[in-house]
Amino acid sequence: MSGTGVKVVQLFVALSLLIVLHEGGHFFFAKLFKTRVEKFYLFFDFLFPFSGLLNFSLFKKKKGDTEYGIGWFPLGGYVKISGMVDESMDKEQMALPPQPWEYRSKKPWQRLFIMLGGIIVNTLVAVVIYMIVFSVYGEEYLPVQNAKYGIMVDSLGKSIGLHNGDMITAIDGKPVVRFEKIVPSIVLDEGKTLQVVRDGQNINIDIKAGTVHAIINGEKGTFIVPRFPAIVDDVAKGTEAARMGLTHGDSIVAVNNIPVRFFDEFDSIKKSLVGMPISVTVIRDNKETTLNGTVPADKTLGFHQVFDMDRFFKMDKIKYSVFTAIPKGFTFTYEQFTNYLRQFRLIFTSKEIKASESVGGIITFGKIFPAEFDMEKFLMLTAFISVILAFMNLLPIPGLDGGYVIFLLFEMISGRKVSEKVMERATTVGLVLLLTLMVYANGLDIFRLFKH
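Residues numbered from 1 in each chain as written. Predicted model: local features only at pLDDT ≥ 70, side-chain atom pairs only at ≥ 80, totals over all residues. Heavy atoms only, no water.

**Describing the pairing of strand 3 (residues 66-71)**
The line we're drawing: In this analysis, strands are considered paired if DSSP registers two or more bridges between them. In this description a helix means any DSSP run of H or I spanning at least four residues, a strand means any run of E spanning at least two, and both kinds are numbered starting from the N terminus.
The pairing of strand 1 (residues 37-44) with strand 3 spans 4 bridges and is parallel. By the bridge assignment for strand 3, Phe-40 is matched with Tyr-68. Relative to strand 3, strand 2 (residues 57-63) is paired through 6 bridges, and the arrangement is antiparallel. Across the sheet, the residue bridging to Ser-57 is Gly-71, located in strand 3. In textbook terms, the turn of a hairpin is the stretch between consecutive antiparallel strands, and for strand 2 and strand 3 this stretch comprises 2 residues, one of which, Gly-64, has a positive phi near 70 degrees.

See below:
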């Protein structure tokens, strides 16, 4: 299976599981409060949000009062709860007198739990998955002080004044502990200055306007990564590197008799020799060997560098027992939720983040999965998507769970129930808004595919 196929399968499995569990949360609380559930569907059996168009199922089976099925429209899912204004827009049922088994006959606090059921389950699913991951795999990270060679920067990093070999110690005066937190902190906190150590001196680097925008859109490259020694990993067949005789494990120590130690030093000299001869001195089996070739027009010789964190750096590894993983699951879920909230807020408050560049649809979701299946990464991404689903459903938009929650809170505070006519109109507007957002987000994905 191709890398794209692996991504698609992972996305389909993760979303299908999370949708079923989300709707299962509504189902659980509905049944708990003796409310009839007429339908439980993975995907929609109509052209969302038009409940009367293209009504058919790929599979359905009735058990008790509930019809369980799989719809043909593969975005989302739903449970149809008796006596509730929802995406099914069943106005005939709502015109009849309320029945004891209907949603509208239940107490406000019971209806609140029914509506929050999906969000509660999505949150708990994330907590449980994180607990499992931390108890099985533990946690590993690179402390900033252990990135002993400093950083390697791309053209964006250089444009704000960073140098290869700098050691970043703080952002806006706040110490950074984990290396992988540096870039997220710059983006989420919209950092203004970096504190670095260069040649033993403490230096302040101003983060120029436009840097966050460039980081998010990958306009320059990788911005910063840990600096690595110049050691050859894989060599592609038929390339100049292969013709020169470079091989896995070669340690590059000089280029055209100029001593080098790190890959960025090698890369800088190589790029200045396009179309010219190049001699690469390497250490192989404890012996020095010089290999000769010519730098191609595309500036690449055709090999990858060794990028092995465990080999070069002392990583901090935290092991969790089943019991210590429980609080970690809760705290990490909270951290992911708040981070996503901060990302969402930046779309509306930041001058450098545009919705047209940051919002994405189903293709964007698919791209976050790796091209090769890795159970730990799959579980972590599934948990993160579960957090996103909980957050998005909490938004106060009619048609989403959060919209119903707003009406219920109004009823509980004021003692006045929102009329069903108002609920119907608000739900219609909300569903149209959701459809518009869905078309917009997925349209952006398609535009980006053609753009690149």
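This is not the end of the story, as more comes after the structure.
**With respect to the sheet that holds strand 15 (residues 277-284)**
Note the following rule: In this description, contact between two residues means that some pair of their heavy atoms is separated by no more than 4.5 Å. Axes, fitted as lines to C-alpha atoms, cover a helix only where it is in contact. Angles between the N-to-C directions of the axes lie from 0 to 180 degrees.
If you walk across this open sheet you meet the 4 strands as 14-13-15-16, and the pairing is antiparallel. A single partner strand is all that each edge strand has here, and the edge strands are strand 14 (258-259) and strand 16 (287-294). The strands that helix 8 (residues 263-271) touches are strand 13 (251-255), strand 14 and strand 15; relative to strand 13, the one it contacts most, it runs at about 40 degrees.

**Here's the deal with helix 14 (residues 401-414)**
Quick reminder of the rule: Here the expected span of a helix is defined as 1.5 Å times the quantity of residues minus one. Each residue's exposure class comes from its accessible area (1.4 Å probe, protein chains only) as a fraction of the maximum for that residue type: buried when under 20%, exposed when over 50%, partly exposed otherwise.
For helix 14, with 14 residues, the first-to-last C-alpha span of 20 Å sits near the 20 Å given by 1.5 Å per residue. Regarding helix 14, the residues found buried are Asp-401, Gly-402, Gly-403, Tyr-404, Val-405, Leu-408 and Glu-411.

**Regarding the sheet that holds strand 9 (residues 193-198)**
Spatially, 8-7-9-10 is the arrangement adopted by the 4 strands of the open sheet, whose pairing is antiparallel. In the strand order of this sheet, the two ends are held by strand 8 (174-175) and strand 10 (201-206), each with one partner.

**Thoughts on the side chain of Asp-45**
The line we're drawing: Polar contact is the term for a pair of N or O atoms within 3.5 Å; when the atoms are in protein, one must be able to donate a hydrogen and the other to accept it, and sequence-neighboring residues count only if both atoms are side-chain atoms.
With respect to the helices, strands and loops of the structure, Asp-45 is situated in the loop between strand 1 and strand 2. A polar contact is formed between the side chain of Asp-45 and the side chain of Lys-39, at a distance of 3.0 Å. Excluding residues within four positions of it along the chain, Asp-45 makes contact with Lys-39, Leu-54, Asn-55, Phe-56, Ser-57, Gly-71, Trp-72 and Tyr-78.

These results come straight from atomic positions and should not be treated as a statement about function.
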